[in-house]
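# Examination of the molecular architecture
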Amino acid sequence: MTNKPNIIILNPDEMRWDTMGHMGNPAASTPRLDDFVQTDAVSFENAYCQNPVCVPSRCSFLTGLYPHVHGHRTMHHLMHDGSYTLFAELKRNGYKVWMNSRNDFIAGNIPGEMATQFDEIELNQSSMPNVAEEYPYSHYVGVVNKISTDIEDTLAACERIKQQKDAKDPLCLFLGWMNPHVPYVTDQEHYDRIDPEKILERVKYQDCTGKSQMIEKLRDFANVEAIPEKIWNEIQRVYLAQCSYIDDLFGMVIDALQEAGIYDDSLIVFLSDHGDFAGDFDLPEKAQNSFEDILTRVPLLIKPPKKEAVDPGKTRSLVELIDFYATAMHYADVEPEHDQFGQSLHEVIADREKEMRKYAFSEGGRRPCEKQADEFHRYGNDGPAKTHDYWAKMNAEADDNAHAKGTMITNGKYKYVLRMIGEDEFYDLEIDPRETTNRINDAQYREKILEMKLAMLDWYQETCDVVPRGYDSRSLSKESLARKSK
């Protein structure tokens, strides 16, 4: 056995915080995750991602940096110099780092870059079924005979875990799952686990006021009003079934850790990069500059190594995903090699009543002069065919006003969204937890809005940049000048 704990990171893609039974969803079927929290782990009810799409969220929680610090704000700005990520730093401190092919943060086309992060990479390619032609922008498939996505990667991870029993070097294992990312597809077994009578009524756009331009554009291009209610109901059920499938895969990993005898001595973290509309606001998937809790509030479950204190159960302590980086480094007893903004959660893990943060932040969108990349982000006649699943989203994001930068601040009771273009948003989460009514112009909230706007200014001042730790001389020494002159 090693002196340092193994670090097991389990990362479903696009999983909402409210898809688990212990978070109060009566239709959820997640017994393994629920048992995990009851006995061994802390589950954070108020954990917020720093960007509501994959790449910038991962670049953030794997470095402890906000997306704006180095410009990792879009799906096409991956980490080129990844030397300061959690994986690279653990690798330099004796960890063997394993990952599967679900990357979404390191630019794998740069020679040698992956080798700075990982010792072992499991490459499995699994295909996703086609979306129903009748409603292509719904991302709905429905029930199929068999789910193949994620199973091979999970089996490979379990095999690698079993090899760790007698290893001398500690293991950092990052298992990124595709589910419950769109398309909305499941098999009969998992579909049957979800009781449709218990599914919470979705948020309907017709009941909302003052939502963002992006939501309006997505709805327009996707022609969502033509999608019947039965499809939205099916999307809700299938999405929860996909989360139940993730629960099964989670259980497989836990069983492998216990079989290998390394469960107790491992730090286990289960976290999602962001959430999913899943039918709320009459929309599928997500939007990069929309900040509803269903997109920015995510599962975060942490079990520390056995020698460390833990107070199992749910906590309301407000945290951010960048705190994951600091927490992993704390338990690994590794000092970060770069300045970062995460806070280790070990104190709240030991005592669930511990308060961590006053505010959480999320950000997304772009300046009008910034354009997206690759063939799927070229618009009009040069863009993807109208039959492409993402045609509606690509065209919505082409609108400079709709896709403008936005920043969200929340304390769990109120939420304020500052927008570069268009109307700001403010929600009283205590009386309107599903964020249906924008109260930005309500006089009774004027002081609270100003308070949160000033708090956001303070946050930007604190986090706008980091000073490199490498120092450069402003002048050359006589010795170096002499060498250069020869």
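This text goes with the structure placed above it.
Residues numbered from 1 in each chain as written. Predicted model: local features only at pLDDT ≥ 70, side-chain atom pairs only at ≥ 80, totals over all residues. Heavy atoms only, no water.

## Thoughts on the sheet that holds strand β4 (residues 120–122)
Spatial ordering of the open sheet is given by β4-β3-β6-β1-β8-β9-β2-β10, a layout of eight strands whose pairing is mixed. The open sheet terminates on both sides in strands that have one partner only, identified here as β4 and β10 (313–320). Across the sheet, the axes of successive neighbouring strands diverge by a mean angle of 15 degrees, strand direction being ignored. The strands touched by helix α8 (residues 229–259) within the sheet are β1 (6–11), β6 (171–176) and β8 (266–271), with β8 carrying the most contacts at an inclination of about 175 degrees. (Pairing = 2+ DSSP bridges. Helix = DSSP H or I, 4+ residues; strand = E, 2+ residues; numbered from the N terminus. Axes fitted to C-alpha atoms, helices over the stretch in contact; angles between N-to-C directions. Contact = heavy atoms within 4.5 Å.)

## With respect to empty space enclosed by the protein
If a probe the size of a water molecule is rolled over the atoms, the empty space left behind becomes visible. The final tally for this structure, using the stated rule, is two cavities of 30 Å³ or more. When contributions to the lining of the largest cavity are tallied by element, the ones reaching two or more residues are α7 (213–222) and α12 (391–397). Class assignment of the residues belonging to the lining of the largest cavity gives a composition of seven nonpolar, one polar and four charged. When contributions to the lining of the second largest cavity are tallied by element, the ones reaching two or more residues are β11 (360–364) and β12 (406–410). Tallied by class, residues from the lining of the second largest cavity come to one nonpolar, four polar and three charged. (1 Å grid on protein atoms, 1.4 Å probe; cavity = no way out; pocket = protein on both sides within 12 Å on 5 of 7 lines; lining within 4 Å. Points joined across faces, edges and corners; volume = space filled by probe spheres on them. Nonpolar A, V, L, I, M, F, W, Y, C, P; charged D, E, K, R; others polar.)

## Remarks on the state of the cysteines
Counted under the stated rule, the structure contains zero disulfides. Cysteine Cys49 remains unbridged, with the sulfur of Cys54 as its closest cysteine sulfur at 10 Å. Accessibility expressed as a relative area gives 0% for Cys49, which makes it buried. Lacking any disulfide linkage, Cys208 is separated from the closest cysteine sulfur, that of Cys49, by 20 Å. Of the residues examined, Cys208 reaches a relative accessible area of 12% and is grouped as buried. (Disulfide = S-S within 2.5 Å. Buried < 20%, exposed > 50% of the residue type's maximum accessible area, 1.4 Å probe, protein only.)

## Observations regarding the packing of helix α5 (residues 151–162) against α8
Between α5 and α8, the least distance of the axes is 8 Å, while the angle of their chain directions is 15 degrees. Between α5 and α8, the interaxial angle falls into the category roughly parallel. Crossing angle aside, the handedness with which α5 passes α8 is right-handed. Contact residues: Ile151, Thr154, Leu155, Cys158, Ile161 and Lys162 in α5; Tyr245, Leu249, Met252, Val253, Ala256, Leu257 and Glu259 in α8. By residue class, the composition of the contact of α5 with α8 is ten nonpolar, one polar and two charged. (Parallel < 35°, antiparallel > 145°, perpendicular 65-115°, else oblique. Left-handed = near helix turned anticlockwise from the far one by under 90°.)

## Some points on the packing of aromatic side chains
Using the criterion set out here, one finds 19 aromatic pairs in the structure. One aromatic cluster is present, formed by Tyr66, Phe341, Tyr359, Phe361, Trp459 and Tyr460 through successive ring pairs. Here Lys303 stacks its cationic end above the ring of Tyr263, 5.0 Å away from the centre of that ring. (Phe/Tyr/Trp six-rings, centres within 6.5 Å; stacked < 30°, edge-to-face > 60°. Lys NZ or Arg CZ within 6 Å of the ring centre and 35° of its normal.)

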